[in-house]
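# Observations on chain architecture
Chain by chain, the residues:
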Amino acid sequence: MITLIKSFILLLALFLIPFCNTPINAISLIEIQNNPERYEKIENLMTPLGLYIDKESVKSLRYEPPYYNIRATIYLVFYDGNRILSEDTIYSYNLNYSAKSYAQRIEKNITSSKSEKLDIWAKKLTENCGIQNSIQDRNSYDLNGVLKSPLDRQLLPKNIQMGSADYLIANQLFYNLYNQYFSIPNDFFNNLYTKGDSHGT
């Protein structure tokens, strides 16, 4: 009887091994592209990355203007590197540092030419655009959904750079929840890239 039980346990263990080695949240490029109702593609003309938001993961954690927190799972697709990076991320927003808020303070407190005010405004946004992200968990897969090398699971909060891929994602998340962009609309940067690229050809 004991031998029979041991054999059953061994058989069960062998059966479960393939499932234990496959992450529950594993995802492939085909799955992302074939489910646009769930995975929202963010237009991104400035980098070669594919940017996607898992719309089912989006949650508003804090709504206390001027402070907001949004949590979501996002996917960064590196087509040339055969890699998908999934990140469970909390985005923190402070409207005091949005483009509009900077412009209002500069107009009120600084006496300079329009050109000088514009330079100050751009510098302020470059230094701090009002958004941070804090990665809670992340995984790396190849484009077929096979888990790659382990990654640091949790990272310290960092300031997002204006116009970066992280900015485009955070800005789109804010728009999806509150029907307005947090700061300068994403189309501005994509159009800027398109114009610059056309001038160079």
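Only a predicted model underlies this, so the values are computations on that prediction, with no experimental measurement involved.

The next point concerns the pattern of salt bridges. Counted by the stated rule, this structure contains 6 salt bridges. Asp-54 is the salt-bridge partner of Arg-38, the closest N and O atoms lying 2.9 Å from each other. Of this pair, Arg-38 sits in the loop between α2 (29–33) and β1 (39–42) while Asp-54 sits in strand β2 (residues 50–54), placing them 16 residues apart in sequence. Taking the relative accessible area as the measure of exposure, Arg-38 reaches 28% and is therefore partly exposed. By relative accessible area, which is 5% here, Asp-54 ends up buried.

Leu-51, Tyr-91, Tyr-93, Ile-131, Tyr-167 and Leu-173 are the most contacted members of the largest nonpolar core, which totals 30 residues. Broken down by secondary-structure element, the contributors of at least two residues to this core are β2, β4 (67–78), β5 (83–94), α3 (99–109) and α5 (165–178). It is α5 that contributes the most residues to this core, 8 residues altogether. In contact with Ile-131, other than residues within four places in its own chain, are Ser-92, Tyr-93, Lys-158, Asn-159, Ile-160, Tyr-167, Ala-170 and Phe-182. Counting 10 residues, the second largest nonpolar core, distinct from the first, contains Ile-27, Tyr-75, Val-77 and Tyr-141.

Mean pLDDT over the chain: 84, with 81% of residues reaching 70 or higher. Low confidence marks residues 4–24, where pLDDT is under 50. Its contacts with residues over four positions away, or in another chain, come to 2 contacts.

What follows is about the packing of aromatic side chains. Under the counting rule described, the total for this entry stands at 11 aromatic pairs. Judged by centre distance (5.8 Å) and plane angle (80°), the rings of Tyr-39 and Tyr-75 are edge-to-face. With Tyr-39 in strand β1 and Tyr-75 in strand β4, this pair connects stretches of sequence that are 36 residues apart. Accessibility assignment for this pair places Tyr-39 and Tyr-75 in one class, buried. Relative to Tyr-178, the ring of Tyr-68 lies with its centre 5.3 Å away and its plane at 50°, an arrangement referred to as tilted. Placement of Tyr-68 in strand β4 and of Tyr-178 in helix α5 is noted, with a sequence separation of 110 residues between them. Among the aromatic residues, those joined into a ring-pair cluster are Tyr-63, Tyr-68, Tyr-93, Phe-174, Tyr-178 and Phe-182.

Cut-off values and rules
- Residues numbered from 1 in each chain as written.
- Predicted model: local features only at pLDDT ≥ 70, side-chain atom pairs only at ≥ 80, totals over all residues.
- Heavy atoms only, no water.
- Salt bridge = Lys/Arg side-chain N within 4 Å of Asp/Glu carboxyl O.
- Helix = DSSP H or I, 4+ residues; strand = E, 2+ residues; numbered from the N terminus.
- Buried < 20%, exposed > 50% of the residue type's maximum accessible area, 1.4 Å probe, protein only.
- Core = buried A, V, L, I, M, F, W, Y, C linked by side-chain atoms within 4.5 Å.
- Contact = heavy atoms within 4.5 Å.
- pLDDT = per-residue confidence, 0-100.
- Phe/Tyr/Trp six-rings, centres within 6.5 Å; stacked < 30°, edge-to-face > 60°.

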